[in-house]
Amino acid sequence: MKINIKRYNPEKNDSQYIEKYDIKHDETILNSLIEVKTKYDNSLSFRCGCKTGVCGSCAIRVNGVERLSCKTHLNENDLIEPLNNSNLIKDLIVDLRHEEKFLKESKTFLNNLSNEKIFKEDEKLIDTQSNCILCQSCFSSCPVYEVNKEFLGPYTLTRALRYVNDKKEAKPKDIIESIQNDGIWDCTLCGNCTIVCPQFIDPKTDIMNLRMKSVQNGYEDKSMQAFGGFDPSGGFDPNGF
Ligand code: SF4
Ligand code: SF4
Ligand code: FES
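Just so it is clear, the model here is predicted, and its values are computed rather than measured.

About the thresholds
- Residues numbered from 1 in each chain as written.
- Chains lettered and ligands numbered in written order.
- Predicted model: local features only at pLDDT ≥ 70, side-chain atom pairs only at ≥ 80, totals over all residues.
- Pairing = 2+ DSSP bridges.
- Helix = DSSP H or I, 4+ residues; strand = E, 2+ residues; numbered from the N terminus.
- Near = placed C-beta within 6 Å.
- Nonpolar A, V, L, I, M, F, W, Y, C, P; charged D, E, K, R; others polar.
- Core = buried A, V, L, I, M, F, W, Y, C linked by C-beta atoms within 7 Å.
- Buried ≥ 20, exposed ≤ 12 C-beta atoms within 10 Å, placed from the backbone.
- Axes fitted to C-alpha atoms, helices over the stretch in contact; angles between N-to-C directions.
- Domains from an automatic or database assignment.

This next bit is on the pairing of strand β3 (residues 59–62). With four bridges joining them, β3 and strand β4 (residues 65–68) adopt antiparallel strand pairing. Each residue of the ladder has a partner; that of Arg 61, found in β4, is Glu 66. Between β3 and β4, which follow one another and run antiparallel, lie two residues, and Asn 63 among them has a positive phi close to 50 degrees. With two bridges joining them, β3 and strand β5 (residues 78–81) adopt antiparallel strand pairing. Bridging from a neighbouring strand, Val 62 pairs with Ile 80 of β5.

Shown next, in the form of structure tokens:
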């Protein structure tokens, strides 16, 4: 079986190039990468950890679509590439430091602990988003980074909803405040993030929920102010004629 891997070594190459390998393995892509590394070229670099879809470290793109390499079967002539929207370090390894930066900026953690009692129904409200494994597949698939590198991004915003909905957070409005700039209003609602999420999280819908909660808390899309913001007159100018 043939596998095509995008390679790049900053010490040797000016740009990425595609290397084709003939391998015996026809199971997961991760096992195929391990076969290439152990049998043909030990300089090949990629990330992996649990090998069971839990740690999120092995995310790559397969034929242009984000996947976990340990959970994806290899097909003939697949093209394996690193994630998008991050600085490339080597081969399939990208720099993940923006993850920490965006999570800090958006206060997506318990900031002020409340004394509320938690019941089963409350847990359900935060269950789905809590399953995020920070694989960054959604981040890689997001088109907003072509125009705004500071966009907080789908995994940060989905995590923000998790803490806004958490009864243990005493001041959810602080989190809502932190995601107004370069956040919920910059999303185009394209849905790419939802399609690629291996945990079946729906960041697009979570962002729509956060927009609704923002409006309920008195926030609005600042970009609409360029068009005059909300006009209670409905646009009628009594002096216009
Ligand atoms: S729905 Fe929004 S956050 Fe998700 S990929 Fe599209 S633009 Fe990015
Ligand atoms: S929301 Fe889904 S795709 Fe995005 S980082 Fe979390 S698990 Fe990965
Ligand atoms: S190696 Fe952990 S998710 Fe793939």
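Now that the structure has been shown, we can carry on.
Let us look at the site of ligand 1. Around ligand 1 lies a shell of 15 residues, among which Cys 142, Pro 154, Cys 187, Cys 190 and Cys 193 are the nearest. Secondary-structure elements contributing two or more residues to the shell around ligand 1 are α7 (192–196) and α8 (203–216). With three residues, α8 is the single largest residue contributor to the shell around ligand 1. Among the residues making up the shell around ligand 1, the classes are represented as ten nonpolar, four polar and one charged.

Residues Cys 58, Ala 59, Ile 60 and Ile 80 are the most contacted members of the largest nonpolar core, which totals 18 residues. Elements with a contribution of two residues or more to this core: β1 (2–7), α1 (29–40) and β3. Ala 160, Leu 161, Val 164 and Ile 207 belong to the second largest nonpolar core, which has 15 residues in total.

Take the pairing of strand β2 (residues 17–22) next. The element β2 is barely covered by neighbouring structure, given that only zero of its six residues are classed as buried. Judged from the six bridges that link them, β1 and β2 form a sheet pairing that is antiparallel. If you follow Lys 6 over to β2, its bridge partner there is Ile 18.

Moving on to the site of ligand 2. The immediate surroundings of ligand 2 are formed by 17 residues, with Cys 132, Cys 135, Cys 138, Tyr 155 and Cys 197 found nearest. When residues of the shell around ligand 2 are traced back to their parent elements, those giving at least two are α4 (137–141) and α5 (154–164). Here the element with the most residues in the shell around ligand 2 is α5; it accounts for three residues. Among the residues making up the shell around ligand 2, the classes are represented as twelve nonpolar, five polar and no charged.

What follows is about the sheet that holds β2. Read across the sheet, five strands follow the order β2-β1-β5-β3-β4 without closing on themselves; strand pairing throughout is mixed. Whereas interior strands pair on both sides, the edge strands pair on one side only; in this sheet they are β2 and β4. Neighbour-to-neighbour, the strand axes of this sheet turn through a mean angle of 35 degrees, independent of strand direction.

The next subject is the domain arrangement of the protein. Each assigned domain of the protein is listed here: domain 1 (2–94) and domain 2 (97–222). A C-alpha centroid distance of 29 Å is found between domain 1 and domain 2. The element that contributes the greatest number of residues to the side of domain 1 that touches domain 2 is β4, accounting for three residues. Classifying every residue of the side of domain 1 that touches domain 2 by side-chain character gives six nonpolar, five polar and three charged.

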